[in-house]
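So the chains spell out like this:
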Amino acid sequence: MTNNRFGKNQHKNCPPISDERVHAALLEYHRRNITNKETISKLLKIEHGITLVPSSVTRRKKHWSIQGSSATTQSMPDLDKRQLVLDEMANDPNGKRGLRVIKEILALQHNVHLTRDFIEATMREEDPDGFKSRDPTAKKIKCSVLVCLGPHHEWSGDGHDKLTAIGFPIWGMHDVWSGKWLGLWVVPNNRLKETIGYLFLKLVHEYGGIPIQMTTDCGSELVTVYGFANVLREEFASDLPINALPPHKFLQSIHNITIECGWLRLRLDWGENVKIFWDAGSGIYNSSDMRHDSLVRWLWPTGTSPNIAFALYQQYEGDFGLQMVDHNVIVKLMEDMGGENLIRFVPVEYAAKAQQVYDSLDLPKLTMSNIWGIFQAILPCM
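It should be emphasised that the depicted structure is a prediction, and the values quoted were computed from it without experimental measurement. Residue positions within a chain follow its written sequence, with the count starting from 1. Residues qualify for local features only when their pLDDT is at least 70, as the model is predicted, and side-chain atom pairs are given and counted only at 80 or more; totals for whole chains, interfaces and linings, by contrast, use all residues. Calculated side-chain values reflect all of the structure's heavy atoms, with hydrogen atoms and water omitted.

Colleague: I would appreciate a short explanation of the overall build of the protein in the present structure.
Modeller: What counts as a helix is a DSSP run of H or I of at least four residues, what counts as a strand is a run of E of at least two, and both are numbered from the N terminus. Per the secondary structure count, the protein includes 16 helices and seven strands. Here the open area of atoms and residues is found with the Shrake-Rupley method and a 1.4 Å probe, where only the protein chains shown may cover a residue. Total accessible area computed for the protein in this model is approximately 20300 Å², and 52% of it derives from carbon and sulfur atoms.

Following this line, the structure appears as structure tokens:
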């Protein structure tokens, strides 16, 4: 006889095993390569208000057939799992993505977890010189020790210009304590103070508050961010001492350590490959043709573990530094600046028409590998 012969849940507030909210959350953690049952239990409580002990996490994963890397590697046909790894290697013509990145991409984009050993063996067999060529790049990241007390104590912002030559500058913000990317935006121009100020407000609106301190380089486009950081501090967190904890701090780029290290990793994992895929359309795209230019602008911008520390900051002895603000005030400021039009590449009407054409043609999911083929299919209909 079982100890629970009536099948009643013995844990207070614990959802039933078939609960769809739990199912959706477990699938999302699986996709994000978060597999530790203790970590998942804590994230469910923090992010979803769901109480589920680690053993119950295991039972639910088994119920929903959510397999770990060992089980998947053992059960998946060898040809299928090899092809997944080889396809992702083909999506990295620059050859800079290592074992860790390939493993995370398989989980994130394909919801498939394979063991590190299998992925490494496949990569070494296909490209034996790849591991040697990637070694020196890892040594280029030289970061000194940072002192930060917890999430939202300091945000670090900067622009990334490596793709500006093809028309896609980037602006991003990091949480210094956790290393989490709070926001990454491809924008028409990352040197306009209105655009950068709007992105800062967009992030403040998303999180519902401001950091204790904002850190950027000394570019002229940052004056609006500097102004907003100071005004919002005075309005909503005037108890913090300005001299000891200034709302905004300017640094030279080489000293803006967190964001600069983040850019290097982004460039190695993604940015350099984008340029290669862009150049593949040199005989297709005519930059002087407005029809080409508009469609390219619509297609291309359309087209990790720090997050755990960010969510479970108390476990890592972090102090939550977000200073709460009035959402209505932030919305009004964003509207007064010009709203989403500041960061749109094409008008709303054009985007709607392009999406309608894309859907009507039953085209495959947009990727870097097929983007120029999709461009040629849509262009005659625009």
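Next comes the rest of the description.
Colleague: I'm lost on the confidence of the model for the protein in this one. Help?
Modeller: As a note on interpretation, predicted positions should not be read in detail where pLDDT is low. Summarising the model, the protein shows a mean pLDDT of 81, and 82% of its residues fall at 70 or more. Under a pLDDT of 50 for its full length, residues 4-9 has, in the predicted model, five contacts with residues more than four places off or in other chains. Every residue gets a pLDDT, meaning the predictor's confidence in that residue, from 0 to 100. Contacts are assigned to residue pairs with any non-hydrogen atoms lying within 4.5 Å of each other.

Colleague: Got a minute to help me understand the packing of aromatic side chains in this structure?
Modeller: Within a pair of aromatic rings, the relevant descriptors are the distance that separates the centres and the angle that separates the planes. Aromatic pairing here means that ring centres of Phe, Tyr or Trp (its six-membered ring) are within 6.5 Å. Orientation follows from the plane angle: under 30 degrees is stacked, over 60 is edge-to-face, and everything else is tilted. Using the criterion set out here, one finds 13 aromatic pairs in the structure. An angle of 55° between the planes, with centres 5.7 Å apart, marks the rings of Trp300 and Trp372 as tilted. Each member of the pair Trp300 and Trp372 is classed as buried. Members of the aromatic cluster, joined through ring pairs, are Phe168, Trp278, Tyr285, Trp300, Phe345, Trp372 and Phe375. Geometrically, a lysine NZ or arginine CZ counts as sitting over a ring once it is within 6 Å of the ring centre and also within 35 degrees of the ring normal. The aromatic ring of Phe118 is capped on one face by Lys81, whose charged end is 5.0 Å from the ring centroid. Only protein chains enter the accessibility calculation, which uses a 1.4 Å probe. A residue is then buried if its area is under 20% of the maximum for its type, exposed if over 50%, and partly exposed in between.

Colleague: Looking at this model, I keep getting lost on the sheet that holds strand S3 (residues 181-186). Mind explaining?
Modeller: Across a sheet, strands are paired by hydrogen bonds formed along the backbone, either parallel or antiparallel in direction. One requirement defines pairing of two strands: DSSP has to find at least two bridges between them. Read from one edge of the open sheet, five strands run S3-S2-S1-S5-S6, paired in mixed fashion. Strands with a single pairing partner mark the edges of an open sheet, and in this sheet they are S3 and strand S6 (248-250). Each strand axis lies, on average, 15° off the axis of its neighbour in the sheet, ignoring direction. Note: strand S2 (residues 170-175) against S3, five bridges, orientation antiparallel. Counterpart to His174 in the pairing with S3 is Trp181. Of the strands in this sheet, strand S1 (154-160), S2, S3 and strand S5 (213-216) are in contact with helix H9 (residues 193-207), which crosses S3 at around 140°. Axis angles are defined between N-to-C directions and span 0 to 180 degrees, where every axis is a line fitted to C-alpha atoms and, for a helix, only to the segment in contact.

Colleague: Would you explain the pattern of salt bridges in this entry?
Modeller: Each salt bridge in this description consists of a side-chain nitrogen of Lys or Arg and a carboxyl oxygen of Asp or Glu lying within 4 Å of one another. Following the criterion strictly, the structure yields nine salt bridges and no others. In this structure, the salt-bridge partner of Glu194 is Lys193, at a minimum N-O distance of 3.6 Å. The closest approach of N and O atoms between Glu340 and Lys202, which form a salt bridge, is 2.8 Å.

Colleague: Which parts of the structure should I look at to understand the pairing of S2?
Modeller: Note on strand geometry: in a regular strand, side chains alternate between the two faces of the sheet. In terms of burial, S2 is a largely internal element, six of the six residues being buried. Pairing of S1 with S2, which is carried by six bridges, proceeds in the antiparallel orientation. Among the inter-strand pairings, Trp155 is bridged to a residue of S2, identified as Asp175. Between S2 and S3, which pair antiparallel and follow one another directly, the connecting turn spans five residues, one of which, Gly179, has a positive phi of 80°.

Colleague: How do you make sense of helix H7 (residues 116-126) when you look at a structure like this?
Modeller: Since the α-helix packs 3.6 residues into each turn, any two residues three or four apart lie on the same face. Burial in H7 covers these residues: Phe118, Ile119, Thr122 and Met123. All buried residues of H7 lie within an arc of 125° about the axis, which places them on one face of the element. In H7, the exposed positions angled more than 90 degrees off the buried face are occupied by Asp117 and Glu125. Starting at the helix axis, one direction is taken to each C-beta atom, and the arc is that of these directions.

Colleague: Sorry, what's going on with the environment of Val225 here?
Modeller: Within the element layout of this structure, Val225 appears in helix H10 (residues 223-236). Taking the relative accessible area as the measure of exposure, Val225 reaches 0% and is therefore buried. Taking the C-alpha atoms as reference points, Val225 and Thr195, 30 residues apart in sequence, are found 9.8 Å from one another. Once residues lying within four places of it in the same chain are set aside, the contact partners of Val225 are Ile196, Gly197, Phe200, Met214 and His248.

Colleague: Sorry, what's going on with the packing of H9 against helix H14 (residues 327-337) here?
Modeller: Between two packed helices, the angle of one axis relative to the other and the distance separating the axes together describe the packing. Between H9 and H14, whose axes approach to 10 Å, the crossing angle comes to 155°. In terms of orientation, H9 lies roughly antiparallel with respect to H14. Here H9 and H14 pass one another in a crossing that is left-handed. Contacts between H9 and H14 involve Glu194, Gly197, Tyr198, Leu201, Lys202, Val204 and His205 on the former and, on the latter, His327, Ile330, Val331, Leu333, Met334 and Met337. Here the nonpolar group is Ala, Val, Leu, Ile, Met, Phe, Trp, Tyr, Cys and Pro; Asp, Glu, Lys and Arg are the charged ones; every other residue, Gly included, is treated as polar. When grouped by side-chain class, the residues that make up the contact of H9 with H14 number eight nonpolar, three polar and two charged. Any angle that falls under 35 degrees is termed roughly parallel, while one over 145 is termed roughly antiparallel, one within 65 to 115 roughly perpendicular, and all others oblique. The hand of a helix crossing depends on one turn: near helix anticlockwise from the far one by less than a right angle means left-handed, and clockwise means right-handed.

Colleague: Explanation requested: empty space enclosed by the protein in the structure shown.
Modeller: A probe as big as a water molecule, rolled over the atoms, marks out the empty space that is left. There is about 40 Å³ of room inside the largest cavity. Lining of the largest cavity is provided by Phe200, Ile210, Pro211, Ile212, Met214, Ala229, Arg233 and Pro247. Residue composition of the lining of the largest cavity, grouped by class: seven nonpolar, no polar and one charged. Using a 1 Å grid laid over the protein atoms alone, points where a 1.4 Å probe fits but cannot get out form a cavity; open sets with protein on both sides within 12 Å along at least 5 of 7 lines form a pocket; any residue with an atom within 4 Å of a point counts as lining. Grid points are joined across faces, edges and corners, and a volume is the space filled by probe spheres set on the points.

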